[in-house]
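# Observations on chain architecture
So the chains spell out like this:
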Amino acid sequence: MIIAVDGPAASGKGTIARALAKHYGLPHLDTGLLYRAVGLHVLREGADPSIAADALAGCRFSDAMLADPQLRSEAAGAAASVVSAHPAVRAALIERQRAFAARPGGAVLDGRDIGTVIAPHADAKLFVKAAPAVRARRRHEELRGRGLETSFDRVLLDIRERDRRDTLRDHAPMVQADDADLLDTTFMDIEAAIDRALALVEARI
Ligand code: C5P
């Protein structure tokens, strides 16, 4: 069984995907981490994120790299959303994601293009969204919880900018697949969102 969970930053998709994976006993891949790894590589190398070849030069994936706590930084997320617009960067990451989706027994993947590009044949697809101000509040609280002081306005601006880049890019833009169920978490706490996600998946399998 393959479950695809897509949606914008701080929509709740990651938490929902983890909960679904736990519920069904499936492995889970947060595909944003792959793009964040390329973004972080660019930041550390001082490379130009708007040039695909620069972003990919010397970038090698390893389990250690994907566990780097810096991947969760806002800087890595912003760099990820720039490098992810390059077809060459997306192509370099596609096989790893498809191989994960093809695991015997199935998998849960979350990202932006899982239901449309990576696993269009997924058994259940969710597109998780929430109002930008609500997502910014969640992300702001999460950052403060991690001891990272930043203003709400700054976080909201970053979220809007990332949405804009992810939605408007030419290659694999963030879009709800035709056969995906929409889950709007604007007025839901995370428990309610997980319950609803489980009900939607159950109705599809
Ligand atoms: O999900 P997360 O916020 O960690 O993703 C970081 C960035 O990686 C996104 O803003 C997006 O540009 C890119 N991404 C993508 N396709 C995916 C997952 C993430 O383009 N499947």
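Taking an unreviewed UniProt entry as the reference, the protein is identified by name as Cytidylate kinase belonging to Alterirhizorhabdus solaris. The protein has a UniProt comment under Subcellular location (unreviewed entry) that states "Cytoplasm". UniProt, in its Sequence similarities (unreviewed entry) section for the protein, records the words "Belongs to the cytidylate kinase family. Type 1 subfamily."

### Section: the sheet that holds strand β2 (residues 28-30)
In a beta sheet, neighbouring strands are held together by backbone hydrogen bonds and run either parallel or antiparallel to one another. Strand order in the open sheet formed by five strands is β2-β3-β1-β4-β5, with parallel pairing between adjacent strands. Among the strands making up the open sheet, the edge pair consists of β2 and β5 (181-184). With strand direction ignored, the average angle separating the axes of adjacent strands in the sheet is 20 degrees. Looking at chain direction, β2 and strand β3 (residues 107-111) are connected through three bridges and run parallel. When the sheet's bridge partners are listed, His 28 is paired in β3 with Val 108. In the packing of helix α1 (residues 13-24) onto the sheet, contacts are made with β1 (2-6), β2, β3, β4 (124-129) and β5, and the angle to β3 comes to roughly 180 degrees.

### Points about the pattern of salt bridges
This structure, assessed with the given rule, holds 15 salt bridges. A salt bridge links Asp 68 to Arg 44; the shortest N-O distance between them is 2.9 Å. Here Asp 68, found in the loop between α3 (52-56) and α4 (74-83), pairs with Arg 44, found in helix α2 (residues 32-45); they are 24 residues apart in sequence, far enough to count as distant. Take Arg 44: its relative accessible area is 53%, and that puts it in the exposed class. Linking Asp 179 and Lys 125 is a salt bridge whose minimum nitrogen-to-oxygen distance equals 2.9 Å. Here the residue Asp 179 occupies a position in the loop between α8 (152-168) and β5, and Lys 125 occupies one in strand β4, the gap between them amounting to 54 residues. What makes Asp 179 partly exposed here is its relative accessible area of 39%. A cluster of three or more residues bridged by salt bridges with shared partners is formed by Glu 74, Arg 139, Glu 142 and Arg 146.

### Focus on the pairing of β4
In terms of burial, β4 is largely enclosed, as five of its six residues are buried. Inspection of the sheet shows β1 paired to β4 by four bridges, in the parallel sense. Directly across from Ala 4, in β4, lies its bridge partner Lys 125.

Rules of the game
Residues numbered from 1 in each chain as written. Predicted model: local features only at pLDDT ≥ 70, side-chain atom pairs only at ≥ 80, totals over all residues. Heavy atoms only, no water. UniProt positions renumbered as here; feature names shortened; annotations may be inferred. Pairing = 2+ DSSP bridges. Helix = DSSP H or I, 4+ residues; strand = E, 2+ residues; numbered from the N terminus. Axes fitted to C-alpha atoms, helices over the stretch in contact; angles between N-to-C directions. Contact = heavy atoms within 4.5 Å. Salt bridge = Lys/Arg side-chain N within 4 Å of Asp/Glu carboxyl O. Buried < 20%, exposed > 50% of the residue type's maximum accessible area, 1.4 Å probe, protein only.

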